Amino acid sequence: LESEHNLKVFHEVSNELRHEYGGDDKCPWTLLNLKGAFKTYLKSRKVQLKRTQNGTNAVHLAKCRRQARKRDKLGKRLGSLTNKEWSVEKKAKVAEVMTVDYMSSEDSDHDPEPPNRVTRYIVRPLCWQSNKLKQVKKRLDKKHSESVPELIRKRTLPRNIGVPSARGKPDNCPEWACTSTQLSLNCSPSASPSPLSARQTSTPLSARSSSSSSPEGGYSPSSV
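It should be emphasised that the depicted structure is a prediction, and the values quoted were computed from it without experimental measurement. Every residue gets a number counted from 1 within its own chain, in the order that chain's sequence is written. Per-residue local features of the predicted model are confined to residues with pLDDT of at least 70, and side-chain atom pairs are confined, for both listing and counting, to 80 or more; whole-chain, interface and lining totals are unaffected and use all residues. Working from all heavy atoms in the structure, the side-chain values ignore hydrogens and water.

### Some thoughts on the overall build of the protein chain
Then, number 1: Along the protein chain, the regular secondary structure elements total eight helices and three strands.
Then, number 2: Put simply, 75% of the contacts in the protein chain that link residues at least 6 apart link residues at least 24 apart.
Then, number 3: All accessibility values rest on the Shrake-Rupley procedure with a 1.4 Å probe; residue burial counts only the protein chains present in the view. With the model as given, the accessible surface of the protein chain reaches about 14,300 Å², and the carbon-plus-sulfur share is 53%. Where helices and strands are cited, they refer to DSSP runs of H or I of at least four residues and of E of at least two residues respectively, numbered from the N terminus. Two residues qualify as a contact provided that any one of their heavy atoms is within 4.5 Å of a heavy atom in the partner residue.

### Brief notes about the side chain of Arg159
Then, number 1: Relative to the assigned elements, Arg159 resides in strand 3 (residues 159–161).
Then, number 2: A distance of 2.9 Å separates a polar atom in the side chain of Arg159 from a polar atom in the side chain of Glu106. Polar contacts, as counted here, are pairs of nitrogen or oxygen atoms within 3.5 Å of one another; within protein the pair requires one atom able to donate a hydrogen and one able to accept it, and residues that are adjacent in sequence qualify only if both atoms are side-chain atoms.

### As for the sheet that holds strand 3
Then, number 1: Pairing between two strands is assigned when DSSP locates at least 2 bridges connecting them. The strand order 1-2-3 describes an open sheet built from three strands, whose pairing is mixed. In this open sheet, the two strands that pair with only one neighbour each are strand 1 (105–110) and strand 3. For this sheet, the mean inter-axis angle between neighbouring strands, taken without regard to orientation, is 35°.
Then, number 2: In this structure, strand 2 (residues 118–124) lies alongside strand 3, joined through three bridges in parallel fashion. Bridged to Val123 within strand 3 is Ile161.
Then, number 3: Helix-sheet contacts for helix 3 (residues 57–83) involve strand 1 and strand 2, and the interaxial angle to strand 1 is about 120°. Every axis in this analysis is a line fitted to C-alpha atoms, fitted for helices over the stretch in contact. Angles between the N-to-C directions lie between 0 and 180 degrees.

### Regarding helix 5 (residues 131–147)
An α-helix turns once per 3.6 residues; consequently, residues spaced three or four apart project the same way.
Then, number 1: Expected span, for any helix, means 1.5 Å times one less than how many residues it has. Its 17 residues place the ends of helix 5 25 Å apart at the C-alpha level, agreeing with the 24 Å of an ideal helix rising 1.5 Å per residue.
Then, number 2: Burial here depends on accessible area, computed with a 1.4 Å probe over protein chains only, as a share of the maximum for the residue type. Under 20% is buried, over 50% is exposed, and the range in between is partly exposed. Those residues of helix 5 not exposed but buried are Leu133, Lys134, Val136, Lys137, Leu140, Asp141, His144 and Ser145.

### Points about helix 1 (residues 4–20)
Then, number 1: For helix 1, which comprises 17 residues, the first-to-last C-alpha distance of 24 Å matches the rise-based estimate of 24 Å (1.5 Å per residue) to within 8%.
Then, number 2: Buried-residue contacts for helix 1 involve helix 2 (31–54).
Then, number 3: At the C-terminal side of helix 1, Gly22 shows a positive phi close to 90°.

This is the structure:
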């Protein structure tokens, strides 16, 4: 709200909001709340403009999308964990590692032709996670798959293994969930496909329905 223009815009927006809700008494936000929200908006726009000028906005957006996909994956697994018929002790044990730090990241692969739709996801496996943790994730993914309509399962995009993630294992990782070594057999440099090899082995768009209706409900065994 430093400039006269911003102050004018703020008053117009706040007045319109209070009018829509039928007056100051009925508006769910105070004037202080609205000022705080407007300042946050202006700050984010300023940062976005700076990233655009520096040519880093595309990288930032890709990072935000990866984070959003990890949070979405985590949310589905937490929901499955709640509905799983496991003992209280086992649920508590699994819940300890149900955080974003234990979710693999996924890069989107786009169709080269306009409008450049996302055709699949390239999963970056976590080399330090144990086979036990992988199995737990697969069971939670299967539980989620069984809870959603078939139409949604068919629309799920395929996933392929990509370059292993360089992310280290979380601090205080339980022994059952993490391997003692950073690299597992499946993530050794010689076994890791390059982005090009992953692209060559991707599922054709015409076969999307059959590949996406896997028992894992869109989470193939490689996407844990």
